[in-house]
Amino acid sequence: MNTFLSLLTAQTFTTLFLAVVLWSLYARLRRQEFTRWWAWAWTSSAVFLALGRTVLTLDTESILLRGGIMLAAMLGGFLAVPLLAFGALSFRSPHVISRRVAIGGLGGAIVLGALAFFVSMLWADPIASFSVRQGVRTTALGTALLFCAWVFLSRLRETRSWAVAITGACCLVLALAQFFYAARLFRVASAIASGGLLDGTLLRLANLLSVDVAITGGICLGMILLLVEEHQRAEQALFESVHRARVVGDENAVLQAEIAKRQLVERDLRDSEDRYRDLVEHSEDLICTHD
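Summarised in this report is the structure supplied together with it.

**Here's the deal with the nonpolar core**
Burial of nonpolar side chains together is a common tendency in soluble globular proteins.
Stage number 1. Core analysis: the biggest nonpolar cluster contains 46 residues, and Trp-38, Trp-42, Leu-84, Phe-152, Ile-219 and Met-223 have the highest contact counts within it.
Stage number 2. Listing elements by their share of this core, those giving two or more residues are helix H1 (2-28), helix H2 (33-57), helix H3 (63-92), helix H4 (99-120), helix H5 (126-159), helix H6 (162-193) and helix H8 (209-282).
Stage number 3. Considering every element that reaches this core, the biggest residue donor is H3, with ten residues.

If you want it as structure tokens, here you go:
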């Protein structure tokens, strides 16, 4: 139990650190829509993990308090699903998430989370109840992460970016891990429902939390590398813009000099024409030309 709590605490702080990094990137640098959605996603995941740890260490027999905390944790865990999907969609095509789509997705996640919680309460055994609701949540989370991995790895073919590759690979591994957890959790619930005995599945799953911690750290690294690449692209774009402005300025100076030269030639021609006209119009002698 102590090992499980230690791993859960590490995962909570790692997830919270990733959320802080994303919020910092969003606040301090370019306010990208993708960064905002993912910051909210990992914040909700951190809330889910923190509340889950609180339930495990809660020293009270109040069913109402314990149930309220578990429900809040489930809602936070399910909110991460559409938020991750919105972030991936925004990374692929910015400004594609409308207010109606956002409200619909978040509302659907809340309904699904509440439904999963109340359905899990139908199991009298607390371990079976835990396995059912966490199995549903990890399945939904794995689906969202699989979609994120597909978006990042699709972009990899265009950008050849290490940051995109690391983030996409970590999302893929984390998605597969969630599907593995879900299968094991449903197996535990089924075994308990049929009157079977536990075979240490939950304990082995708890020991795998270190894998989630490492993968979350990989996603954090990918986000930082994305920042570095974005900064490099911004610097390159600024350099190219300054260079183009300098070239345009030089070309404009040459053009202005050419215009001034032509205006001077035209003025000399007009002065010469005026003098010749005055000579012809005001002369009293015969003027003729001879070849």
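**Topic: the packing of aromatic side chains**
Stage number 1. Counted by the stated rule, this structure contains eleven aromatic pairs.
Stage number 2. Ring geometry for Trp-37 and Phe-86: centres 5.1 Å apart, planes at 65°, overall edge-to-face. Here Phe-86 lies in helix H3 and Trp-37 lies in helix H2, a separation of 49 residues in the sequence.
Stage number 3. Among the residues examined, Trp-37 registers a relative accessible area of 9% and is labelled buried.
Stage number 4. Clustering of aromatic rings is evident, with ring pairs tying together Phe-34, Trp-38, Trp-42, Phe-91 and Phe-152.
Stage number 5. Geometry around Trp-37 places Arg-36 over its ring, the cationic atom sitting 5.0 Å from the centre.
Stage number 6. Taking the ring centre of Phe-91 as reference, the NZ or CZ of Arg-155 above it sits at 4.6 Å.

**Re H5**
Structural remark: α-helix, 3.6 residues per turn; residues separated by three or four positions point the same way.
Stage number 1. Taking 1.5 Å of rise per residue, the 34 residues of H5 would be expected to cover 50 Å, and the 48 Å separating its terminal C-alpha atoms lies within 8% of that figure.
Stage number 2. Capping of H5 at its N-terminal end is provided by Asp-125; its side-chain oxygen lies 2.9 Å from the backbone amide nitrogen of Ile-127.
Stage number 3. One or two positions beyond H5, positive phi appears at Arg-160, with a value near 55°.

**Here's the deal with the environment of Arg-187**
Stage number 1. Structurally, Arg-187 can be placed in helix H6.
Stage number 2. On the basis of relative accessible area, Arg-187 is assigned to the partly exposed category, the value being 45%.
Stage number 3. Through-space distance from the C-alpha of Arg-187 to that of Gly-135 is 9.5 Å; in sequence the pair is 52 residues apart.

**Things to note about a nonpolar patch on the surface**
Stage number 1. Taken together, the side chains of Leu-112, Leu-115, Val-119, Leu-122 and Trp-123 define a hydrophobic patch exposed on the protein surface, amounting to about 470 Å² of accessible area.
Stage number 2. Its location among the elements puts Trp-123 in the loop between H4 and H5.
Stage number 3. On the basis of relative accessibility, which here comes to 32%, the residue Trp-123 falls in the partly exposed class.

So, how was this worked out
- Residues numbered from 1 in each chain as written.
- Predicted model: local features only at pLDDT ≥ 70, side-chain atom pairs only at ≥ 80, totals over all residues.
- Heavy atoms only, no water.
- Core = buried A, V, L, I, M, F, W, Y, C linked by side-chain atoms within 4.5 Å.
- Buried < 20%, exposed > 50% of the residue type's maximum accessible area, 1.4 Å probe, protein only.
- Helix = DSSP H or I, 4+ residues; strand = E, 2+ residues; numbered from the N terminus.
- Phe/Tyr/Trp six-rings, centres within 6.5 Å; stacked < 30°, edge-to-face > 60°.
- Lys NZ or Arg CZ within 6 Å of the ring centre and 35° of its normal.
- Expected span 1.5 Å × (residues − 1).
- Polar contact = N/O pair within 3.5 Å; in protein donor to acceptor, adjacent residues only side chain to side chain.
- Patch = residues over 30% accessible without salt bridge, like charges linked within 9 Å, V, L, I, M, F, W, Y side chains within 5 Å.
- Areas by Shrake-Rupley, 256 points an atom, 1.4 Å probe, with all protein chains shown as cover.
- Salt bridge = Lys/Arg side-chain N within 4 Å of Asp/Glu carboxyl O.

On their own, these measurements won't tell you what the molecule is for.
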